[in-house]
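Each chain is listed here by its residues.
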Amino acid sequence: MKTLIASAILLASSSAMAHDIDISNDQCNIDLNAGVRISADKITISQHDKTVFSINNNQDLIIDGQKQSLTNYQASLVKDYSESVRAIVPEMKEVASEAIDLAMDGVNLAFNELLGEGNRVGEELTGHLNEIKAEVEERFSSNQEFYFDQDGFSGDEFFGEEFEQKIEKAVESTVQNSMGTLLIAVGQELLMSGGSVDALETRMETFGERIEEEMESRAEVIEAKAHGLCNSVHEIDQLEEALKAEFNQLSDFDGLKVKKHGHDKA
């Protein structure tokens with residue numbers, strides 16, 4: 001019975017996680033073949049443990065340890081590239097935070113249906129999810145240094161499987177700590193279902209489908225933001241190509257490949 005309840009609740013969080021910052025799908029496939037380090041005053045692009053180029057203060061381009069003399073066009077290009085890379089960080093933060101908010105909406109729908117408005121179980125779970133959201137906020141704090149490559153942020157996958165596991169662990173922990181309350185609620189549901197476990201299961205499945213439908217409609221907003229993030233990465237890809245065309249030292253470098261809507265980058 002515990003598994004049945006947890007499964008219904010997890011429908012909401014899994015629906016949210018389907019719309020997190022993972023935008024490597026059929027419409028937007030991003031292949032990152034470089035390391036990107038972002039600090040307050042510097043962006044460093046590396047490949048195979050070697051710095052390819054860096055940009056200081058959004059204006060100074062350093063290649064092979066040498067500061068490049070820039071034309072007006074090149075200076076504008078360097079500035080656009082640096083600012084575009086920096087702008088990705090708050091975009092990713094917004095998508096991830098809203099995915100967690102969606103999960104909180106979903107699990108509260110589930111518990112409110114089962115236990116009534118303002119129940120302690122829902123409040124406890126919301127507290128756990130808010131802690132995860134605070135961790136996201138901290139990871140994306142403006143005073144943090146970021147490094148990410150093809151393996152994720154700082155070599156981990158906080159926003160991949162680990163992200164989902166944190167959500168699932170919060171749900172499972174709350175369910176375990178509240179079994180007494182939940183069992184009473186399940187007993188009441190059984191009475192309403194005439195004592196039939198099959199009828200209760202059918203009712204829970206129907207309820208789960210309703211939650212999933214509501215979450216999917218809310219998730220459209222997050223999906224739109226994820227598509228916007230794809231567009232931003234595509235613009236960085238185009239700026240990278242422009243830099244390569246301007247500086248011979250970068251001609252063989254290809255740190256970012258983007259397939260958008262099933263087509264290779266232009």
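Residues numbered from 1 in each chain as written. Predicted model: local features only at pLDDT ≥ 70, side-chain atom pairs only at ≥ 80, totals over all residues. Heavy atoms only, no water.

Q: What's the story with the packing of aromatic side chains in this structure? I'm lost.
A: For any pair of aromatic rings, the description consists of the separation of the ring centres together with the inter-plane angle of the planes. Under the counting rule described, the total for this entry stands at two aromatic pairs. When the ring of F53 is compared with that of F253, the centres are 6.1 Å apart and the planes differ by 85 degrees; the resulting orientation is edge-to-face. Of this pair, F53 sits in strand β4 (residues 50–56) while F253 sits in the loop between α6 (197–246) and β9 (256–260); the two residues are 200 residues apart in sequence, bridging distant segments of the chain. Per residue, the accessibility class of F53 equals that of F253, and both read buried. One aromatic cluster is present, built from ring pairs that chain together F53, Y81 and F253. (Phe/Tyr/Trp six-rings, centres within 6.5 Å; stacked < 30°, edge-to-face > 60°. Helix = DSSP H or I, 4+ residues; strand = E, 2+ residues; numbered from the N terminus. Buried < 20%, exposed > 50% of the residue type's maximum accessible area, 1.4 Å probe, protein only.)

Q: Sorry if this is basic, but what is going on with unusual backbone geometry here?
A: Leaving glycine aside, a negative phi is the common case for residues, and trans is the common case for peptide bonds. A positive phi angle, near 55 degrees, is found at N57, a position not held by glycine. Here N57 shows up in the loop between β4 and β5 (60–63). Of the residues examined, N57 reaches a relative accessible area of 47% and is grouped as partly exposed. With a phi angle near 65 degrees, N58 is a residue other than glycine that sits in the positive phi range. For N58, the location among the structural elements is in the loop between β4 and β5.

Q: Any chance you could explain the pattern of salt bridges here in plain terms?
A: Proximity of charged atoms lets side chains of opposite charge pair with each other. Summed over all chains, the structure comprises six salt bridges. For the salt bridge of R37 with E145, the shortest nitrogen-to-oxygen distance reads 2.9 Å. Taken together, the positions of R37 in strand β2 (residues 35–38) and E145 in the loop between α3 (120–139) and β7 (146–149) put the pair 108 residues apart, joining distant regions of the chain. You can call R37 partly exposed: its relative accessible area is 35%. For E145, a relative accessible area of 47% puts it in the partly exposed group. (Salt bridge = Lys/Arg side-chain N within 4 Å of Asp/Glu carboxyl O.)

Q: Explanation requested: the pairing of strand β3 (residues 42–47) in the structure shown.
A: In the case of a regular strand, side chains alternate between the two sheet surfaces. Counted residue by residue, β3 has five buried out of six residues, so it is predominantly covered. As judged from the four bridges shared by β2 and β3, these two strands associate in the antiparallel manner. If you follow I38 over to β3, its bridge partner there is I43. Two successive antiparallel strands, β2 and β3, enclose a turn made up of three residues. Relative to β4, β3 runs antiparallel, the two sharing six bridges. Across the sheet, the residue bridging to T44 is S54, located in β4. Here β3 folds back onto β4, and the loop between the two strands holds two residues, one of which, H48, carries a positive phi near 55 degrees. (Pairing = 2+ DSSP bridges.)

Q: Just to check I follow, could you spell out the environment of E123 for this structure?
A: If you trace the backbone, E123 turns up in helix α3. Between the C-alpha atoms of E123 and N108, which are 15 residues apart in sequence, the distance is 8.2 Å.

Q: Teacher, can you tell me more about the confidence of the model for the chain here?
A: Interpreting fine coordinate detail is not advised for predicted regions of low pLDDT. The predicted model of the chain averages 75 in pLDDT, with 67% of residues at 70 or higher. Here residues 1–26 scores under 50 on pLDDT; set against residues more than four positions off or in separate chains, the count is 65 contacts. Across residues 262–266, confidence stays below pLDDT 50; counting only partners more than four residues off in sequence or on other chains, it has ten contacts. (pLDDT = per-residue confidence, 0-100. Contact = heavy atoms within 4.5 Å.)

Q: What's the story with a negative patch on the surface in this structure? I'm lost.
A: A surface patch of negative charge is lined by D198, E201, E205, E209, E212, E213, E216, E220 and E223. Structurally, E213 can be placed in helix α6. (Patch = residues over 30% accessible without salt bridge, like charges linked within 9 Å, V, L, I, M, F, W, Y side chains within 5 Å. Areas by Shrake-Rupley, 256 points an atom, 1.4 Å probe, with all protein chains shown as cover. Lys, Arg positive; Asp, Glu negative; His and termini not counted. Charge placed at Lys NZ, Arg CZ, Asp CG, Glu CD.)

Q: Looking at this structure, how should I read the environment of S46?
A: As for its position among the elements, S46 is in strand β3. C-alpha separation for the pair S46 and G35, spaced eleven residues apart in sequence, amounts to 5.0 Å. Sequence-distant contacts of S46, defined by excluding residues within four places in its chain, comprise A34, G35, T51, V52 and Y147.

Q: Whenever I open this one, the side chain of T44 confuses me. Can you help?
A: Structurally, T44 is set in strand β3. Look at T44 and you get buried, because its relative accessible area is 16%. Ignoring sequence-local partners within four residues, the contact set of T44 consists of G35, V36, R37, T51, F53 and S54.

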